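Residues per chain, in single letters:
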Amino acid sequence: MRRRQILRIQGIVQGVGFRPFLYAIAVARGLDGFVLNDDQGVLLEVEGDARALEGLEEEIRQKAPALARVGRIAITRLPPAGHRGFEIRSSPQARRRRVPISPDAATCSDCLREILDPDDRRHLYPFTNCTHCGPRLTIVRDVPYDRARTTMSGFPMCPHCQREYEDPADRRFHAQPNACPACGPRVRLENATGIRLPVLDAIAEARRLLAQGAVVAVKGLGGFHLACDARNEIAVRTLRERKVREEKPFALMAPDAEEVARHCEMTGAERELLESRERPIVILRRRADCRLPDGIAPRQDTLGFMLPCAPIQHLLSCSSGDEPPPPQVLVMTSGNRSDEPIAYIDEEAVGRLGEIADYFLMHDRPIHLRCDDSVARLFRGRLQMIRRSRGYVPRAIPLYPPLEEPLLAVGGMLKNTFAIGRGEEAVVSHHIGDLENYETLRSLEEGVVHFCRLFDHDADRIVHDLHPDYLSTRYALESPARMRIGIQHHEAHVAAVLSEHRHEGPAIGIAFDGTGYGTDGALWGSEYFIFRDGRFERAGSLEPLPLPGGEAAIREPWRMTYSLLSRLQPGSDPAESMGAVGTAIPRAAADLVGRMIERGLNCPWTVGAGRYFDAVAAYLLRRPVALFEGQAPAELEALAERTASGDAAVPWPVALIETPADTNVSAKDPEWPTRFRIDLTEALRELIEADRRGTDAAILAWRFHRTMAEAIVIGAARLAEVSGARDVALGGGVFQNQLLLGMVVDGIQERGLRALLPLELPANDGGISYGQLAAASWRLRLEG
């Protein structure tokens, strides 16, 4: 009996070879009908023998192309319409734009084989791609995803490419960025002033210049990188000086995992992540015999490596002809000046990077949306995202609870992302950066406009942080939105974790980071919550410390050492107890900080856990100044991991002190059964005394981590006791510290509780926008 079915397929199903995939299935089953892209996904209409239609949905789900993510499939059964043959039809003009776009994907093995084959017509062609790989998000201007709506619209296909594009049996069938040397984009080499150089092979010349020690700006998929020979200490130092990036680690690129293994320890799972189609920068343990210059990642025991994600990067690592071998490890850091977003427009790049790069390896395929590299590592074999961007964005993430109306969340200040939420899904943006200047704010504004166009969102309901001075908050408050919802920073951290786990509560939430604006106007940052019935109740924190100079204390962590000592030793002169770090501080500066604390001038109180780490790191590492955000705690973690002493496993004393309702650790519910502060005073006194006795600094760093983990766990245990909740959601940038996180997870499990960690998003502020959506969804439900 002949039957007809219409299948409405949603998910990431455009630009990933889905129509030719369905074409092949239909032809193999002897089905008639058609398939097309539209503004909701893919529409498949088939008719044929009833037996030929059996198991069709299951086959689609099980055999979908590698880059596809099949979501909902709605099937309508209708009487036969008399279709004869099967065809791929053109996409109708979109009325709405709700079709997920695939992330950019690393060059597949088939395309790479063609690039390296001297007999292939795409030999050494740096824009080779197919439906399994290549640019997507960074070239899309609008949807449905067709060539005319991408930055490839200015490159008409030659007859060879057109035949591939129109052949359902070819893997380039409807590959929108399809191109070859005869019709596609081309590379060129320019000097630092933007003058094109008369070279026959721009990539080969760039390889030669890199080998000679030059700094080359390389235009890739989502923007520019700054590259130099990683083995050349002078080149690395030159890049640091020009970029004004004194000590923050550089990312590295190697041609393959075998080369990475020469410099870093690597498990099978880490290799799999390194070689994945997302191609993130993977944080790996540096080998003891690694001979790369220490200046790549000063005072760190890890290196961040990635493999080439685009043909132009592969070709920078390949030699051709009789030329000398190129550098096998390149520094491949973001193409920007410090604190600015990555450059992605040619003329802008020359203007912004001309004082850093000696040369520019350019191409004429426009980038529509800048997109920086993703950064990840593994924690006990599972993904721990540090920065979610290229390769992962704009892949949707399930959102819980679902939204009844769409929302736009604009995130925080540091590591900013924004997010669009609709129904049961959220699309979290690429990494925007730290919103500390106009250029980064403009990047946020451009990104919001583009995503709202792609995903049919009008941005008239905006969620933002409570901090009035964040540029993201100002952006939200100055927008013409008809509704604005302020969400507390640390509630958003916990909400993000709970939403990823689809957790309704009750649950314990612990958010440890540097600083966040509290509902009482104070500076929070070590928050213990109970989440129940859609509400967050703040129940505890660490003891507050003075923050002398406000943000200056974050840049100069010695101020926090002084502040901590002023609390540990009241009546004494903290400057006399600061150890070696004190010798680097002018007496006048120390006295000024003392007066700030004494008089409460420009000296707010904070309970931020990150500030405790700053204080101890400055003391033990003898580091008065932090040259980038999170530097001091990261180096303290690295120091702690260098000890093998069994004594280091013992935490110092930690006290949980119940507090009255009128303290700054307040809950909205006056009948809340417990409020507490975690007092580390005795522990920190013992740290100071042990240092004076000459105890190894690595042991002290380890015991501090054990003590902070104990503080987190005893707070969780207390809340479990009074609430009955057994799940503990851990959020905030402090939990990027793998040493601390491991201790906390073990401690929570030993007490019969379960730790909930972020799944696809960073624990840091890169996940705040998603958490804002989830917290706002709960609030809107409560308000009816």
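Rules used throughout
Residues numbered from 1 in each chain as written. Predicted model: local features only at pLDDT ≥ 70, side-chain atom pairs only at ≥ 80, totals over all residues. Heavy atoms only, no water. pLDDT = per-residue confidence, 0-100. Contact = heavy atoms within 4.5 Å. Axes fitted to C-alpha atoms, helices over the stretch in contact; angles between N-to-C directions. Helix = DSSP H or I, 4+ residues; strand = E, 2+ residues; numbered from the N terminus. Parallel < 35°, antiparallel > 145°, perpendicular 65-115°, else oblique. Left-handed = near helix turned anticlockwise from the far one by under 90°. Nonpolar A, V, L, I, M, F, W, Y, C, P; charged D, E, K, R; others polar. Core = buried A, V, L, I, M, F, W, Y, C linked by side-chain atoms within 4.5 Å. Buried < 20%, exposed > 50% of the residue type's maximum accessible area, 1.4 Å probe, protein only. Expected span 1.5 Å × (residues − 1). Polar contact = N/O pair within 3.5 Å; in protein donor to acceptor, adjacent residues only side chain to side chain. Pairing = 2+ DSSP bridges. Salt bridge = Lys/Arg side-chain N within 4 Å of Asp/Glu carboxyl O. Phe/Tyr/Trp six-rings, centres within 6.5 Å; stacked < 30°, edge-to-face > 60°. Lys NZ or Arg CZ within 6 Å of the ring centre and 35° of its normal.

### Observations concerning the confidence of the model for the protein
Averaged over every residue, the pLDDT of the protein is 92; residues scoring 70 or more account for 96%. Taken together, the stretch residues 662-671 has pLDDT below 50 and engages in 25 contacts with residues farther than four places along the chain or on a different chain.

### Side note on the packing of helix H21 (residues 697-723) against helix H22 (residues 738-750)
At a minimum axis separation of 9 Å, H21 and H22 run at an interaxial angle of 40 degrees. Considered as vectors, H21 and H22 are oriented oblique to each other. Relative to H22, H21 is oriented so that their crossing is right-handed. Here Trp-702, His-705, Arg-706, Met-708, Ala-709, Ile-712 and Val-713 of H21 come into contact with H22, specifically with Leu-739, Leu-740, Met-743, Val-744, Gly-747 and Ile-748. Its residues assigned to classes, the contact of H21 with H22 shows 10 nonpolar, 2 polar and 1 charged.

### Quick look at the nonpolar core
The tendency in soluble globular proteins is for nonpolar side chains to be buried as a group. Membership of the largest hydrophobic core comes to 72 residues, with the highest contact counts inside it found for Ile-510, Phe-512, Tyr-528, Phe-704 and Leu-730. With 13 residues, the single largest contributor to this core is H21. Setting aside anything within four residues of it in sequence, one finds Phe-704 in contact with Tyr-612, Phe-613, Val-616, Leu-636, Trp-652, Leu-684 and Leu-687.

### A word on H22
Compared with an ideal rise of 1.5 Å per residue, which puts 13 residues at 18 Å, H22 spans 18 Å between its outermost C-alpha atoms and is within 8% of the ideal. Most of H22 is tucked away: 10 of the 13 residues are buried. Among all positions of H22, only Gln-738, Leu-739, Leu-740, Leu-741, Gly-742, Met-743, Val-744, Val-745, Gly-747 and Ile-748 are buried. The opening residue of H22, the one whose side-chain oxygen lies 3.1 Å from the backbone nitrogen of Leu-739, is Asn-737.

### Some details on the packing of helix H14 (residues 489-500) against helix H23 (residues 768-783)
The relative placement of two packed helices comes down to the angle between their axes together with the axis-to-axis distance. As a packed pair, H14 and H23 sit with axes 7 Å apart at the nearest point and diverge in direction by 80 degrees. In terms of axis orientation, H14 runs roughly perpendicular to H23. Judged by residue contacts, His-489, Ala-492, His-493, Ala-495, Ala-496, Ser-499 and Glu-500 of H14 engage Ile-768, Tyr-770, Gly-771, Gln-772, Ala-774 and Ala-775 from H23. Grouping the amino acids of the contact of H14 with H23 by side-chain chemistry returns 7 nonpolar, 5 polar and 1 charged.

### A look at the sheet that holds strand E18 (residues 419-422)
If you walk across this open sheet you meet the 6 strands as E16-E19-E18-E17-E20-E21, and the pairing is mixed. Here the strands that pair on one side only, and so sit at the sheet edges, are strand E16 (397-398) and strand E21 (483-487). Contacts from H23 reach E16, strand E17 (407-409), E18, strand E19 (425-428), strand E20 (461-465) and E21, with the element oriented near 110 degrees to E21.

### Quick notes on the pattern of salt bridges
Opposite charge on two side chains permits them to pair, given that their charged atoms come into close proximity. This model, assessed by the stated rule, comprises 63 salt bridges. What emerges from the salt-bridge pattern is a single network uniting Arg-337, Glu-340, Glu-348, Arg-352, Arg-370, Glu-439, Arg-442 and Glu-446.

### Observations concerning unusual backbone geometry
Here the residue pair Val-393 and Pro-394 is connected by a cis peptide bond, since its omega of 10 degrees sits within 30 degrees of zero. Note on placement: Pro-394 falls in the loop between strand E15 (382-387) and E16. Look at the link from Tyr-400 to Pro-401: it is a cis peptide, with omega at 0 degrees. Mapped onto the fold, Pro-401 is located in the loop between E16 and E17. Although it is not a glycine, Arg-502 adopts a positive phi angle of roughly 50 degrees.

### A word on the packing of aromatic side chains
One pass over the structure, following the stated rule, counts 14 aromatic pairs. A centroid spacing of 5.8 Å and a plane angle of 75 degrees characterise the contact between Phe-529 and Phe-536, whose relative ring orientation is edge-to-face. Accessibility assignment for this pair places Phe-529 and Phe-536 in one class, buried. Here the aromatic residues Tyr-400, Phe-529, Phe-531, Phe-536 and Trp-778 are joined through ring pairs into a cluster of three or more. Directly above the aromatic system of Phe-34 lies the positively charged group of Arg-89, at a separation of 3.7 Å from the ring centroid. Arg-622 extends its terminal NZ or CZ atom over the ring of Tyr-619, reaching a point 5.9 Å from the ring centre.

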